[in-house]
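# Residue-level structure breakdown
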Amino acid sequence: VQLQASGGGLVQAGESLRLSCAASGSILRINAMGWYRQVPGNERELVTAVGNRNITTYADSVKGRFIISRDYAKNTISLEMNSLKPADTAVYYCKINARTVARDNFDYWGQGTKVTVSS
């Protein structure tokens, strides 16, 4: 399974950015797809995730500003990040929980894409 994330970059506070992630490989079923972020010295934290039936969850810190969307046919997710704050600066990781030919209900991680928000 491969996860290809893209869309990070440097923006100013208040601006928007869009991240994308595409999953490929021997995937039988994706249970959930989501985004996590990590700042050096801190643990990786959940930003948002979407399960089957489009059930979404968001960290309190991003509610009302970030929107996750999932394309079930293409096994992709996007993260629309609006009204960005310097506190959103982090490396963002795409993650899926999936059943594959080799494993059942396993977590797979993308390589991370850096988002920097300047004040």
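Up top you'll find the structure we're talking about.
Note that the structure is a prediction, hence the values are computed from the model and not measured.

### Brief notes about the overall build of the protein
Within the protein, the regular secondary structure consists of zero helices and 11 strands. Ordered by position in the sequence, the α and β elements of the protein form the string β-β-β-β-β-β-β-β-β-β-β. A globule of 119 residues ought to have a C-alpha radius of gyration of about 14 Å, and the protein, at 14 Å, matches this closely. For the protein, the C-alpha atoms occupy an extent of roughly 45 × 30 × 20 Å along the three principal directions. Relative to its 119 residues, the protein shows a buried fraction of 39%.

### Considering the packing of aromatic side chains
This model, assessed by the stated rule, comprises three aromatic pairs. Summarising the aromatic geometry, the rings of Y36 and W109 are spaced 5.0 Å apart at their centres and angled 65° between planes, so their arrangement reads as edge-to-face. In this pair, Y36 is assigned in strand β4 (residues 27–38) and W109 in strand β10 (residues 106–109), connecting sequence segments 73 residues apart. Look at Y36 and you get buried, because its relative accessible area is 17%. Classification of W109 as partly exposed rests on a relative accessible area of 37%.

### Details of the nonpolar core
Among the nonpolar cores identified, the biggest contains 29 residues, and W35, F66, I77, L79, M81, Y92 and I96 are the most heavily contacted of them. Listed by contribution, the elements that provide at least two residues to this core are β1 (2–6), β3 (17–24), β4, β5 (45–51), β7 (66–71), β8 (76–81), β9 (90–100) and β11 (113–118). Broken down by element, this core gets its largest block of residues, five residues, from β9. Among all residues touching M81, those that are not within four sequence positions of it are E15, S16, L17, L19, R65, F66, Y92 and V115.

### Digging into the pattern of salt bridges
Summed over all chains, the structure comprises seven salt bridges. When the shortest N-O distance is used, the salt bridge between R37 and D88 registers 3.0 Å. A residue pair is termed long-range when its members are at least 10 positions apart, and R37 in strand β4 and D88 in the loop between β8 and β9 qualify at 51 residues. Judged by relative accessible area, D88 falls into the buried class, the value being 2%. Beyond isolated ion pairs, a larger network of salt bridges with shared partners links R37, E45, R65 and D88.

### Quick notes on the state of the cysteines
According to the stated counting rule, one finds one disulfide in the structure shown. A disulfide bridge connects C21 with C94, and the sulfur atoms are separated by 2.0 Å. Around the S-S axis, the bridge from C21 to C94 shows a dihedral of about -80° and counts as left-handed. Of this pair, C21 sits in strand β3 while C94 sits in strand β9, placing them 73 residues apart in sequence. Using a relative accessible area of 0% as the deciding quantity, one classes C94 as buried.

### Side note on the sheet that holds β8
Neighbouring strands of a sheet are bound in pairs by backbone hydrogen bonds; such pairs are parallel or else antiparallel. Taken together, four strands build an open sheet; the order of strands is β1-β3-β8-β7 and the sheet is antiparallel. Of all the strands in the sheet, just β1 and β7 have a single pairing partner and so form its edges. Neighbour to neighbour, the strand axes of the sheet diverge by 15° on average, direction disregarded. Here six bridges tie β3 to β8, and the two strands are oriented antiparallel to one another. Its bridge partner lying in β8, A22 is registered against T76.

Conventions adopted
- Residues numbered from 1 in each chain as written.
- Predicted model: local features only at pLDDT ≥ 70, side-chain atom pairs only at ≥ 80, totals over all residues.
- Heavy atoms only, no water.
- Helix = DSSP H or I, 4+ residues; strand = E, 2+ residues; numbered from the N terminus.
- Rg over C-alpha atoms; globule rule 2.2 N^0.38 Å.
- Buried < 20%, exposed > 50% of the residue type's maximum accessible area, 1.4 Å probe, protein only.
- Phe/Tyr/Trp six-rings, centres within 6.5 Å; stacked < 30°, edge-to-face > 60°.
- Core = buried A, V, L, I, M, F, W, Y, C linked by side-chain atoms within 4.5 Å.
- Contact = heavy atoms within 4.5 Å.
- Salt bridge = Lys/Arg side-chain N within 4 Å of Asp/Glu carboxyl O.
- Disulfide = S-S within 2.5 Å.
- Pairing = 2+ DSSP bridges.
- Axes fitted to C-alpha atoms, helices over the stretch in contact; angles between N-to-C directions.

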